[in-house]
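If you want the building blocks of each chain, they are given just below.
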Amino acid sequence: MGFFAMICNFLGCSAQTTGFKSVSAEDFEKAIADTSIVRLDVRTVEEYAEGHIANTINIDVLKDDFEAKALELLPKDKTLAVYCRGGNRSKKAAQILVKNGFDVVELDTGYKGWVAAGKAVTK
């Protein structure tokens, strides 16, 4: 990807956070300390199996049925804490979820940022 495309992609992502909060690993950890918040990992099943934040539901945002599965499985009366590997797919997922009436907090740096910050993971 060229430099210009990377800048456009970055600017596009940051401009699209309307409707949900994109937070640091520290703030995400504080948010999910509230057990009423539903944790959602939007990575692939394979990525999830390699390690994830404890007590998360896994629904792959890249699958065509993501929106339908989210509507079927996730409670609209609870806040969703969403993450992916690096923060791009989770922003896409958050947009879809917000559009469908969900309250969303998104881990800005993704699972990689979570691990880099020394936060707990499970396999």
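Each remark here, short or long, concerns the structure printed above.
Residues numbered from 1 in each chain as written. Predicted model: local features only at pLDDT ≥ 70, side-chain atom pairs only at ≥ 80, totals over all residues. Heavy atoms only, no water.

Caption draft 1: Main features of the overall build of the protein. Of regular secondary structure, the protein possesses six helices and five strands. Listed by position from the N terminus, the elements making up the protein come as α-β-α-β-α-β-α-β-α-β-α. Looking at the protein residue by residue over its 123 residues, the buried ones come to 42%. Within the protein, contacts between residues at least 6 apart in sequence are counted, and of these 65% link residues at least 24 apart. On the protein, roughly 6,900 Å² of surface is accessible, and the fraction owed to carbon and sulfur atoms is 56%. (Helix = DSSP H or I, 4+ residues; strand = E, 2+ residues; numbered from the N terminus. Buried < 20%, exposed > 50% of the residue type's maximum accessible area, 1.4 Å probe, protein only. Contact = heavy atoms within 4.5 Å. Areas by Shrake-Rupley, 256 points an atom, 1.4 Å probe, with all protein chains shown as cover.)

Caption draft 2: Spotlight on the pattern of salt bridges. According to the stated counting rule, one finds 10 salt bridges in the structure shown. For Lys99, the salt bridge identified is with Glu67, shortest N-O distance 3.2 Å. Here Lys99, found in helix H5 (residues 88-99), pairs with Glu67, found in helix H4 (residues 66-73); they are 32 residues apart in sequence, far enough to count as distant. When its relative accessible area of 29% is taken as the criterion, Glu67 is described as partly exposed. Within the structure, one salt-bridge network assembled from shared partners comprises Glu26, Glu29 and Lys119. (Salt bridge = Lys/Arg side-chain N within 4 Å of Asp/Glu carboxyl O.)

Caption draft 3: Molecular detail of the pairing of strand S5 (residues 103-107). Burial of S5 is extensive: four of the five residues sit out of reach of the surface. Sheet topology places strand S1 (residues 21-23) next to S5; three bridges connect them, and they run parallel. Paired with Lys21 across the strands is Val105, a residue of S5. With four bridges joining them, strand S4 (residues 79-83) and S5 adopt parallel strand pairing. Along S5, the bridge assignment pairs Thr79 with Asp103. (Pairing = 2+ DSSP bridges.)

Caption draft 4: Focus on the packing of aromatic side chains. Per the counting criterion, the structure on display carries three aromatic pairs. Ring centres of Phe28 and Tyr83 lie 6.3 Å apart, and the angle between their planes is 80°; this geometry places the pair in the edge-to-face category. Highlighted residues: Phe28 in helix H2 (residues 25-32) and Tyr83 in strand S4, separated in sequence by 55 residues. Judged by its relative accessible area of 0%, Tyr83 is buried. With centroids separated by 5.9 Å and ring planes inclined at 85°, the aromatic side chains of Phe28 and Trp114 adopt a geometry described as edge-to-face. Here Phe28 is found in helix H2, whereas its partner Trp114 is found in helix H6 (residues 110-116), with 86 residues between them in sequence. Across this residue pair, the class does not change: Phe28 and Trp114 are buried. (Phe/Tyr/Trp six-rings, centres within 6.5 Å; stacked < 30°, edge-to-face > 60°.)

Caption draft 5: Here's a closer look at H5. Here H5 spans 17 Å end to end across 12 residues, near enough to the 16 Å set by a 1.5 Å rise per residue. For H5, the set of buried residues is Arg89, Ser90, Lys91, Ala93, Ala94, Ile96 and Leu97. Positive phi shows up at Gly101, right after H5, with a value of about 95°. (Expected span 1.5 Å × (residues − 1).)

None of the figures reported here should be taken as evidence of function without further support.
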